[in-house]
Amino acid sequence: MKEYRMLINGQWVDSASGERFPSYNPYTEEAWATIPQAAESDVDRAVQAAREAYRTVWSKTNGLERARLMMKLADLLEAEAERLAELETADNGKVIRESLKNMKQAARYYRFFAGYADKIYGEVIPMDQTHLFDYTMREPIGTVALITPWNSPISILANKLAPALAAGNTVVIKPSEHASVTTLEFGELVRKAGFPDGVVNIVTGDGTVGNFLTRHPGIGKISFTGGSATGKIIARNASENLIPCLLELGGKSPNIIFADADLDKALAGAFAGVFGGAGQTCIAGSRLLVQRPVYEQVVERMMERIRAVRLGNPMDPATDMGPLANKPHYERVLSMIRTGEAEGATVAIGGKTGYERGLEKGWFVEPTLFVDVNQRMTIAREEVFGPVLCILPFDDEEEAVAMANDSKYGLASGIWTRDISRAHRIARRMECGQVWVNTYRINAAQVPFGGVKQSGYGRERGMHTLMEYTVVKNVMVDLSV
Ligand code: NAD
């Protein structure tokens, strides 16, 4: 059993209380590592270290040097990608090829934002009064709190840490209590890359630690990825110190297939869009809206695809889908399936645990397809965050748009059609932050991502996110003698 420590001011430390909690492997169901549960005093030490590092070193480090360190970090991350992917799969059960892809994607994010580190600047503003000289500067916020979930710890962290560092901030990170290991291992890469002590700090533990961190008066901004309910608590905590937040929350994203779509492509995209990561992705296209003439065909073909899914050891490259990441979540997903049935939806295929299917261990839930669903059912409204797809028919464009937007969430959507005008027309009407047309679930360092409604606010990735980690200062000078 490996014992991990937290990273505070460049040192690996235990929590002040000495308290630890286990990390479980969702395939073996066994504890395999222990993690410190930070005390409030540990959080305070981490914030103070980050603030001190900002004041004494990082705010005086130029963009070129910040970029050099970030490039080094990207190299180290890539060199360690396989080892880290294995650890992440042991921690959250994601199939190994997906974990490996996440590591490489994270390295790409550090490289992308390193390129910006020496290109963040303000503007000169022409004034009515010609004796006035006015300019803006884009300054770092100072110390930012980064809080991440368990589904893709390293790539979600990169969405936040890469722009935060490029813009010149210092950080305190808190990974999920269900998958902290790779973030702590990553901390060692930060040290090896040569970042000054205190620029990157990592505290671990459950929501109480996140609570200490988000209420700490030394924090200038909170960047959070997780559930909408937690997002609301964090926004309330932020209001105590009147600091801004970036909130990447849940979703119930619609994937709309029109009868004129390339059905092979649409089915492949809709399938991967919801069952990738065993459905544990915020952008899961968990509501499949299908135009009535092809509805039966799509149901049949989706069932065929689901039947072929191999559940098993997520370390085995032949496995299609691993277990769910942790036991409470596994129980929650099963209970949502039961709610779907109780409310009158029909499980067309799936719905069982791995045990019921004959597997000997692991928190597996079969990929599940619900039919006979209506928009009022819990299964069609609430995020499952598991391998569960609802399929609903529609007649025309108007109905598809109305159904798609009838959600408290607004993260992503997909449109499958050969009619290019229709695709753009609908993209314009979608109430969400990301629309994919004839593709789904593709992310890139260059492309801004985020939600509207209860899926959160603020944008990650792309140059837009750099603005999230800077603040504008205006300077006005009277040039008259
Ligand atoms: P969660 O909200 O339970 O936890 C996320 C993080 O918040 C964890 O580190 C947790 O310890 C911390 N936390 C919990 N209570 C807190 C509090 N009171 N104050 C501060 N921090 C607290 O989410 P989860 O179960 O880890 O992840 C699943 C959720 O994340 C899903 O809803 C999913 O949609 C969402 N998610 C969103 C995106 C996105 O980019 N929009 C990406 C991945 C996951």
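Described in the following lines is the structure provided in the data block. Just so it is clear, the model here is predicted, and its values are computed rather than measured.

1. Let's talk about the pairing of strand S16 (residues 368-371)
Move 1: Where burial is concerned, the two faces of S16 agree: the one with Thr368 and Phe370 and the one with Leu369 and Val371 are both buried.
Move 2: Pairing of strand S15 (residues 346-349) with S16, which is carried by three bridges, proceeds in the antiparallel orientation. Of the residues in S16, the one forming a bridge with Thr346 is Val371.
Move 3: In this structure, S16 lies alongside strand S17 (residues 388-394), joined through three bridges in parallel fashion. Of the residues in S17, the one forming a bridge with Phe370 is Cys390.

2. Some remarks on a nonpolar patch on the surface
Move 1: Nonpolar side chains collect at one region of the surface, where Val124, Phe133 and Leu479 lie side by side and expose about 280 Å² of accessible area between them.
Move 2: Residue placement: Phe133 occurs in strand S7 (residues 132-140).

3. Things to note about the layout of surface pockets
Move 1: The volume enclosed by the second largest pocket comes to roughly 160 Å³.
Move 2: Taken together, Tyr54, Trp58, Ser59, Thr61, Arg66, Ala117, Ile120, Arg138, Pro140, Ala167 and Gly168 make up the lining of the second largest pocket.
Move 3: A class-by-class count of the residues in the lining of the second largest pocket yields six nonpolar, three polar and two charged.

4. Examining the sheet that holds strand S23 (residues 470-478)
Move 1: A sheet is described by the order of its strands in space; here three strands give the open sequence S6-S7-S23, paired in antiparallel fashion. Among the strands making up the open sheet, the edge pair consists of strand S6 (124-125) and S23.
Move 2: Bridging between S6 and S7 involves two bridges; their strand directions are antiparallel. Across the sheet, the residue bridging to Ile125 is Asp134, located in S7.

5. Details of the site of the ligand
Move 1: Lining the immediate surroundings of the ligand are 29 residues, of which Thr148, Glu177, Thr230, Leu249 and Glu383 lie closest.
Move 2: Here an oxygen atom of the ligand and a backbone polar atom of Thr148 are 2.8 Å apart.
Move 3: Elements that contribute at least two residues to the shell around the ligand include exactly helix H7 (207-215), strand S11 (221-225) and helix H8 (228-240).
Move 4: Both domains that furnish three or more residues to the shell around the ligand are identified here as domain 1 (2-249 + 456-476) and domain 2 (254-444).

6. Quick look at the packing of helix H9 (residues 263-275) against helix H10 (residues 292-307)
Move 1: Two elements in contact, H9 and H10, have axes separated by 11 Å at closest approach and are oriented at 55°. With respect to each other, H9 and H10 are oriented oblique. Where H9 crosses over H10, the handedness of that crossing is right-handed. In this structure, H9 contributes Leu263, Asp264, Leu267, Ala268, Ala270, Phe271 and Phe275 to the contact, and H10 contributes Val294, Gln297, Val298, Arg301, Met302, Arg305 and Ile306.
Move 2: Partitioned by chemical class, the residues of the contact of H9 with H10 number 10 nonpolar, one polar and three charged.

Parameters at a glance
- Residues numbered from 1 in each chain as written.
- Predicted model: local features only at pLDDT ≥ 70, side-chain atom pairs only at ≥ 80, totals over all residues.
- Heavy atoms only, no water.
- Buried < 20%, exposed > 50% of the residue type's maximum accessible area, 1.4 Å probe, protein only.
- Helix = DSSP H or I, 4+ residues; strand = E, 2+ residues; numbered from the N terminus.
- Pairing = 2+ DSSP bridges.
- Patch = residues over 30% accessible without salt bridge, like charges linked within 9 Å, V, L, I, M, F, W, Y side chains within 5 Å.
- Areas by Shrake-Rupley, 256 points an atom, 1.4 Å probe, with all protein chains shown as cover.
- Salt bridge = Lys/Arg side-chain N within 4 Å of Asp/Glu carboxyl O.
- 1 Å grid on protein atoms, 1.4 Å probe; cavity = no way out; pocket = protein on both sides within 12 Å on 5 of 7 lines; lining within 4 Å.
- Points joined across faces, edges and corners; volume = space filled by probe spheres on them.
- Nonpolar A, V, L, I, M, F, W, Y, C, P; charged D, E, K, R; others polar.
- Near = heavy atom within 4 Å.
- Polar contact = N/O pair within 3.5 Å; in protein donor to acceptor, adjacent residues only side chain to side chain.
- Domains from an automatic or database assignment.
- Axes fitted to C-alpha atoms, helices over the stretch in contact; angles between N-to-C directions.
- Parallel < 35°, antiparallel > 145°, perpendicular 65-115°, else oblique.
- Left-handed = near helix turned anticlockwise from the far one by under 90°.
- Contact = heavy atoms within 4.5 Å.

These figures come from the coordinates and say nothing about function on their own.
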